[in-house]
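Report on the structure
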Amino acid sequence: MPTREGEPHPVDATEAPDAGPVTTLRAPPATARTAARPRPAARDGSVPPAPLDEQDRARLLAGTHHDPHAVLGAHPVPGGVAFVALRPHAQAVTVLTEGRAVRLRDTGGGLFSGVLPLAAVPAYELRVTYEGQDLTVQDPYRFLPALGELDLHLIGEGRHEQLWRALGAHPMTHQGVAGTRFTVWAPNALGVRVAGDFTYWDGTAHPMRSLGSCGVWELFLPGIGEGALYKFDIARRDGTRTLRADPMARATEVPPATASVVTASSSYAWGDDEWMAHRGDRPVARAPFSVYEVHLASWRPGLTYRELAGELTDYVRGAGFTHVEFLPVAEHPFGGSWGYQVTGFYAPTARLGTPDDFRHLVDTLHQAGVGVILDWVPAHFPKDNWALAAFDGEHLYEPQDPRRAEHPDWGTLIFDYGRREVRNFLVANALYWCEEFHVDGLRVDAVASMLYLDYSRDEGRWAPNASGGRENLDAVAFLQEMNATVYRRCPGVVTIAEESTAWDGVTRPTHHIGHGGFGGLGFGLKWNMGWSHDTLEYIARDPVHRAYHHNELTFAMVYAYSENYVLPLSHDEVVHGKQSLVSKTPGDWWQRRANHRAYLGFMWAHPGKQLLFMGQEFAQGAEWSPEEGLHWGLLDPSYPARGDHEGVLRLVQDLNHQYRDTPALWEQDTVPAGFSWITPDAAGDNMVAFLRFAADGTPLLAVCNFSPVVRHDYRIGVPDTVPAWVEALNTDAARYGGSDVRNPGRLRPGPEGAHGRPASLRLTLPPLATVWLRPG
């Protein structure tokens, strides 16, 4: 609080309840004369300077002092109390205490000091004069540490599960004074200073103190509050300096600006209590789970988090999806990375709003009954020289060994999963998104690149593990710890692995040892990328050639129960020349849409959960472009072919709503009892048929005709326990843009057996279509 000269404001000097140890100033030995009384004031009214060791002085000015609080501030010395302030560019510094205003001596380099004839350290403030303007401020160096011993112990152990509450910038009231506590992990630094817009990006005046062997530096800056921009000015062992964004920042500037933003703890009032209380009632493996994958910035370009909360929620709820999955929302400098090269792991991207705005988006979706999954990227990080790379001058977040440090495909760095503090940074980050933003799942990107030391590396360019193998044992341990911790702390949350190999036990519990000798990784679900690859290859072939590649349609059932699978038609399948889903298929425009619809009907009936990337639900013909966004004009009433795209959207809506209402499609998704082939080998007809079963045995019959001809009176073997069947869904229906070849009414099986079944149905199979039938 500013005061008039001669009227200092009283200061509360009590200790914070969680304060750690503090180092006191050790002055040089004093003579008896010096101890008896301070030297007289100078002619300008200032007091004699305080004794200051030349090494301390040099280290303070160089920003390499590990304990600036032992020198700066107020400390008892022989003859009184020494006051030392570091205020570069100031014309004068005056101590205001006990109704007095005493000017300190300018000793050069921005240092001001003096010894006052006081019996003990008083409450005081500083009046700092800059070009004739007086500012009355609290002295940061009179405060005890604002980070507790338990926090430091947990950080040192690598077990601080709420690390974001300890590190970073936190507005608070400390020793009765409002300000911000800055803390950062930089164990190799010679010194760390806080720089920000409040210092004109000169950190000289604000050196931080080291809090011991854990490598944490801390400084409480009074008067600094929410919204201030800051970075850490780090002195490295090689004599250079680097200005770094805060790895734990909970908000950032809008890219391409790179500063961290002081952010208060959220006071957002959540309205999703009912959702949070019941989201874990049913294990996700035995629940309906259809996911709409979204790149938020390009879904409708220009919308903020809060604007998306209304429009996206209404759209997803109308389309019937149970969940949305967002491409990474953590801050990233280059928009063209789609969020997969993260620099701000604890900050939702500022491009679309504030952290509370993002909370509002999640909250709105939850209140509409839609779950939220985030793509999470612990596999790598970019080399930007203001972010994590060589953070404190040494290899801190990345391994020292270049054979393990760099990702050859993406030009990025890999986390050092063997370092406990780095594992803590990542495990806590997973918890942060779940606990602070109520997200319901984390889809972990690029898991395969984490698991294998030789991933994308030629012979001689990778180092084996201690047993001579290619497995990254540290990454395995990290993933197991992350999954176990998330499931323990966050009931109802699911973790999903994007894992492109046949690693054993991705969705097996961590305590179950597999044939390879490893415990399971502990994920809840795994993307079935083999299914995506094979079936997309099949659907892209001309029907005349499909008979020779029928195994691409059926092979996934060979391993369908080896893991708990998601069937992903993701963003990766519709960019970089791969074409959109409808454009991958052969034939004229009608046939392309028919192929598209038949494939979606097959996918929703197949064992496994579903994931569909935005734009594919209305058959956008162009590849996804993050710069252009989706082609919403295809659904505009003035567009002549609007009905073609609306028909596909209607199909997706019906698929999702029937899927939710049909336990046979999800209740036994991960066990063999939930599926039975009728005919997996009708390659010459480009046809498959299979049954799905609910836990009570109720079946659903799916028949897929991937040829462009109508097949009349086609016999399908069925159980004799169902007296009649009715069409539940037909992708060739006119409302979807099809030719409307149907099987009306109740269909009664005949006693003639077929396909090893005791009864059979005679169906009319529409061209390029999937038909679902249920007991009727």
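All values reported here derive from a predicted model rather than from experimental measurement.

1. Details of the overall build of the protein chain
Scanning the protein chain from N- to C-terminus turns up 17 helices and 35 strands. Projected onto its principal axes, the C-alpha coordinates of the protein chain cover approximately 120 × 60 × 45 Å. For the protein chain, buried positions account for 60% of its 776 residues. For the protein chain, the computed accessible surface area is about 29,500 Å², with 50% contributed by carbon and sulfur atoms. With 68 positive and 92 negative side-chain charges, the protein chain shows a spacing of 2 Å between the two charge centroids.

2. Brief notes about the nonpolar core
Core analysis: the largest hydrophobic core is formed by 176 residues, its most contacted members being Tyr-292, Phe-326 and Trp-433. Every residue in contact with Trp-433, bar those within four places of it in the chain, is listed here: Val-329, Ala-330, Phe-345, Tyr-346, Ala-347, Pro-348, Phe-358, Leu-374, Trp-376, His-438, Val-439 and Leu-442. If you look at the next biggest cluster of nonpolar residues, it comprises 20 residues, including Ile-678, Val-703, Trp-725 and Leu-773.

3. Remarks on the packing of aromatic side chains
If you walk through the whole model with that rule in mind, you get 45 aromatic pairs. A ring pair is formed by Phe-415 and Phe-425, whose centres lie 6.3 Å apart and whose planes are at 35 degrees; its orientation type is tilted. Of this pair, Phe-415 sits in the loop between strand 23 (412-413) and helix 9 (420-437) while Phe-425 sits in helix 9, and the two are 10 residues apart along the sequence. For the residue pair Phe-415 and Phe-425, the accessibility class agrees, reading buried in each case. Its guanidinium or amino end placed over the ring of Phe-143, Arg-142 lies 4.3 Å from that ring's centre, counting from NZ or CZ.

4. Description of the pattern of salt bridges
Summed over all chains, the structure comprises 40 salt bridges. With its nearest N and O atoms 3.0 Å apart, the salt bridge here joins Arg-403 to Asp-401. What makes Asp-401 partly exposed here is its relative accessible area of 25%. A salt bridge links Asp-445 to Arg-443; the shortest N-O distance between them is 2.9 Å. With relative accessibility at 9%, the residue Asp-445 sits in the buried group. The buried category is assigned to Arg-443, whose relative accessible area is 0%.

5. Re the environment of Trp-590
The residue Trp-590 is located in helix 16 (residues 589-605) in this model. Placed 148 residues apart in sequence, Trp-590 and Gly-738 show a C-alpha to C-alpha distance of 8.1 Å. Not counting the four nearest positions on each side in its chain, Trp-590 is found in contact with Arg-597, Asp-732, Gly-737, Gly-738, Ser-739 and Pro-767. Separated by 3.4 Å, the side chain of Trp-590 and the backbone oxygen of Gly-737 make a polar contact.

6. What about the sheet that holds strand 10 (residues 177-185)?
Reading across from one edge, 9-10-13-12 is the order of the four strands in this open sheet, with antiparallel pairing throughout. Either end of the sheet is taken by a strand with one partner, and the two such strands are strand 9 (168-174) and strand 12 (209-210). Sheet analysis places strand 12 next to strand 13 (residues 216-222), joined by two bridges and oriented antiparallel. Counted as the bridge partner of Ser-210 is Trp-217 from strand 13.

7. Brief notes about the confidence of the model for the protein chain
Close inspection of predicted coordinates is inappropriate for parts of the model with low pLDDT. Per-chain confidence: the protein chain averages 93 in pLDDT, with 94% of residues scoring 70 or above. Below pLDDT 50 for its whole length, residues 1-41 participates in 75 contacts with residues either more than four positions away or in separate chains.

8. Looking at helix 9
Here helix 9 is 18 residues long and its end C-alpha atoms lie 25 Å apart, about the 26 Å a rise of 1.5 Å per residue gives. Counting buried positions along helix 9 yields 16 of 18 residues, so the element is predominantly enclosed. His-438 occupies a position one or two residues after helix 9 and carries a positive phi of about 60 degrees.

9. Here we look at helix 2 (residues 54-62)
Turning to helix 2, its buried residues number three or more, namely Asp-56, Arg-57 and Leu-60. On an axial view of helix 2, the arc spanned by its buried residues comes to 100 degrees, and they lie on one face. Counted as exposed and oriented over 90 degrees from the buried face of helix 2: Glu-54 and Gln-55. Structurally, helix 2 contributes buried residues whose contacts are with strand 2 (80-86), strand 5 (105-108), strand 6 (111-116) and strand 11 (191-196). Regarding helix 2, its N-cap is Asp-53, as a side-chain oxygen of that residue lies 2.9 Å from the backbone nitrogen of Gln-55 further along. Of the residues one or two after helix 2, Gly-63 is the one with positive phi, at around 75 degrees.

10. A look at the packing of helix 3 (residues 149-157) against helix 9
As a packed pair, helix 3 and helix 9 sit with axes 7 Å apart at the nearest point and diverge in direction by 110 degrees. Taken as axis vectors, helix 3 and helix 9 run roughly perpendicular relative to one another. For the pair formed by helix 3 and helix 9, the contact residues are Leu-154, Ile-155, Gly-156 and Glu-157 on the first element and Arg-420, Glu-421 and Asn-424 on the second. In terms of residue class, the contact of helix 3 with helix 9 is built from two nonpolar, two polar and three charged.

11. Some points on unusual backbone geometry
With an omega dihedral of 15 degrees, the bond running from Pro-255 to Pro-256 counts as a cis peptide bond. Even without glycine at this site, Ala-446 takes up a positive phi of about 55 degrees. Relative to the elements of secondary structure, Ala-446 occurs in the loop between strand 24 (441-444) and helix 10 (447-451).

12. Details of the side chain of Thr-242
Positionally, Thr-242 belongs in strand 15 (residues 241-244). Judged by relative accessible area, Thr-242 falls into the buried class, the value being 8%. Here Arg-244 takes part through its side chain, which lies 2.7 Å from a polar atom of the side chain of Thr-242. The contacts of Thr-242, once residues within four sequence positions are left out, are Phe-232, Asp-233, Ile-234, Arg-236, Asn-385 and Phe-391.

13. Describing the pairing of strand 9
As defined by bridge partners, strand 9 adjoins strand 10 across seven bridges and the pair is classed as antiparallel. Directly across from Gly-168, in strand 10, lies its bridge partner Thr-183. Here strand 9 folds back onto strand 10, and the loop between the two strands holds two residues, one of which, Gln-175, carries a positive phi near 50 degrees.

14. Here we look at the sheet that holds strand 30 (residues 687-693)
Remark on secondary structure: sheet strands pair via backbone hydrogen bonds, oriented parallel or antiparallel. What the five strands build is an open sheet, ordered 29-30-31-35-33; its pairing is antiparallel. Sheet topology places strand 29 (675-682) and strand 33 (725-730) at the edges, where each strand pairs with a single neighbour. For this sheet, the mean angle separating the axes of adjacent strands, direction not counted, is 20 degrees. Pairing between strand 33 and strand 35 (residues 769-775): five bridges, direction antiparallel. Residue pairing in the sheet places Glu-727 in a bridge with Leu-773 of strand 35. Sitting on the sheet, helix 17 (residues 642-660) touches strand 33 and strand 35, and the angle it makes with strand 33 is about 135 degrees.

Calculation rules
- Residues numbered from 1 in each chain as written.
- Predicted model: local features only at pLDDT ≥ 70, side-chain atom pairs only at ≥ 80, totals over all residues.
- Heavy atoms only, no water.
- Helix = DSSP H or I, 4+ residues; strand = E, 2+ residues; numbered from the N terminus.
- Buried < 20%, exposed > 50% of the residue type's maximum accessible area, 1.4 Å probe, protein only.
- Areas by Shrake-Rupley, 256 points an atom, 1.4 Å probe, with all protein chains shown as cover.
- Lys, Arg positive; Asp, Glu negative; His and termini not counted.
- Charge placed at Lys NZ, Arg CZ, Asp CG, Glu CD.
- Core = buried A, V, L, I, M, F, W, Y, C linked by side-chain atoms within 4.5 Å.
- Contact = heavy atoms within 4.5 Å.
- Phe/Tyr/Trp six-rings, centres within 6.5 Å; stacked < 30°, edge-to-face > 60°.
- Lys NZ or Arg CZ within 6 Å of the ring centre and 35° of its normal.
- Salt bridge = Lys/Arg side-chain N within 4 Å of Asp/Glu carboxyl O.
- Polar contact = N/O pair within 3.5 Å; in protein donor to acceptor, adjacent residues only side chain to side chain.
- Pairing = 2+ DSSP bridges.
- pLDDT = per-residue confidence, 0-100.
- Expected span 1.5 Å × (residues − 1).
- Arc of directions from axis to C-beta.
- Axes fitted to C-alpha atoms, helices over the stretch in contact; angles between N-to-C directions.
- Parallel < 35°, antiparallel > 145°, perpendicular 65-115°, else oblique.
- Nonpolar A, V, L, I, M, F, W, Y, C, P; charged D, E, K, R; others polar.

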